[in-house]
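# Structural overview for review
The residues making up each chain are set out below.
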Amino acid sequence: MARRKLVAGNWKMNGSRAALAELDAIAAAAKSAKGVDVAMAVPFTLIAPAAERVPGLAIGAEDVHDRDSGAHTGCVSAGMVKEAGASFTIVGHSERRADQGETSQDAWAKAAAAHRSGLHVILCCGETEAERNAGRAERVVQAQIEKSVPDNADGSWFTLAYEPRWAIGTGRTPTVEDIASIHAIARAKLRMLIGDAADEVRILYGGSVTGENAATLLAVENVDGALVGGASLTAEKFVPIIEAAARL
Ligand code: PEP
């Protein structure tokens, strides 16, 4: 099954209105890369100006609350980010799991809320270094998928991202064999949960993807794109990843 590649960026708690100028060249590269989807998740405050500046580029949120509205001071709902111009959101990122104590059940509820509001979802999973060293990477990822993927997930609105926590922002990546193995396991788990719809769900790899390693990582079987943190902050670093995806 041929799935369009998706290259998604995640600015995390970085960026400013001035930094939005980086999106001009990223949007231009996205337009030229005909066979590739490109998306950028930015801090809540930058969603509206980013969406206005580059209407052709999919702009998203990095998180949403699991409720549609209510007494949740400081939180932002999926409907709110949609209204601001977001077309997707990341949920279950490992930094939220580590910093805010979010669980796979939280990611499930956030994915469901985002879908209710008409957002595409990129749901993250991935093991810690200790879990990998203990030989538990596969079981951890399978359990995360089982607890966080909504029953009605399909490729029209749902994308999974495998991001080993120890590879995020470290410059280290798993071997291509290890990536292929986890992505195959993830696909099989999705098939158990959602049947044939699993074949259309994109599974991204995330963790220290750069312009230098993108061609290798994106060519791995069942790797349908990349979720990119640090290298998404500038066009200079992000555009080569889009171009690598377009060449495959
Ligand atoms: C991420 O935070 O999702 C990520 C993959 O970060 P980096 O590319 O910087 O490793």
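These lines cover the structure that appears in this document, whether it is placed above or below. (Residues numbered from 1 in each chain as written. Predicted model: local features only at pLDDT ≥ 70, side-chain atom pairs only at ≥ 80, totals over all residues. Heavy atoms only, no water.)

## Regarding the overall build of the chain
- Along its length, the chain carries 10 helices and 8 strands.
- Rg of the C-alpha trace for the chain: 17 Å, near the compact-globule value of 18 Å for 248 residues, within the 12% margin.
- A principal-axis box enclosing the C-alpha atoms of the chain has dimensions of 45 × 45 × 35 Å.
- The burial tally for the chain puts 51% of its 248 residues in the buried class.
- Sequence separation of at least 24 residues holds for 74% of the intrachain contacts in the chain that already meet a minimum separation of 6. (Helix = DSSP H or I, 4+ residues; strand = E, 2+ residues; numbered from the N terminus. Rg over C-alpha atoms; globule rule 2.2 N^0.38 Å. Buried < 20%, exposed > 50% of the residue type's maximum accessible area, 1.4 Å probe, protein only. Contact = heavy atoms within 4.5 Å.)

## Here's the deal with the side chain of Arg187
- Looking at the secondary structure, you find Arg187 in helix H8 (residues 176-194).
- On the accessibility criterion, Arg187 (3% relative accessible area) is buried.
- Separated by 2.5 Å, the side chain of Arg187 and the backbone oxygen of Val201 make a polar contact.
- Ignoring anything within four residues of it in the chain, the contact list for Arg187 reads Arg3, Ala198, Asp199, Val201, Ile203, Asn222 and Asp224. (Polar contact = N/O pair within 3.5 Å; in protein donor to acceptor, adjacent residues only side chain to side chain.)

## Describing the packing of helix H5 (residues 104-116) against helix H7 (residues 137-148)
- Between H5 and H7, the least distance of the axes is 7 Å, while the angle of their chain directions is 40 degrees. By the angle between their directions, the pair H5 and H7 is classed as oblique. Note on packing geometry: the crossing formed by H5 with H7 is right-handed. Across the interface between the two elements, Ser104, Gln105, Ala107 and Trp108 from H5 touch Gln144, Lys147 and Ser148 from H7. (Axes fitted to C-alpha atoms, helices over the stretch in contact; angles between N-to-C directions. Parallel < 35°, antiparallel > 145°, perpendicular 65-115°, else oblique. Left-handed = near helix turned anticlockwise from the far one by under 90°.)

## Regarding the side chain of His183
- In this structure, His183 sits in helix H8.
- Classification of His183 by relative accessible area gives buried; the value is 0%.

## Some points on H5
- Counted at 1.5 Å a residue, the expected span for H5 with its 13 residues is 18 Å, and the 18 Å between its end C-alpha atoms agrees.
- Along H5, the residues classified as buried are Ser104, Ala107, Ala109, Lys110, Ala111, Ala112, Ala113 and Ala114.
- Where the residues of H5 are buried, they touch helix H3 (78-84), strand S4 (88-91), helix H4 (94-100), strand S5 (120-125) and H7. (Expected span 1.5 Å × (residues − 1).)

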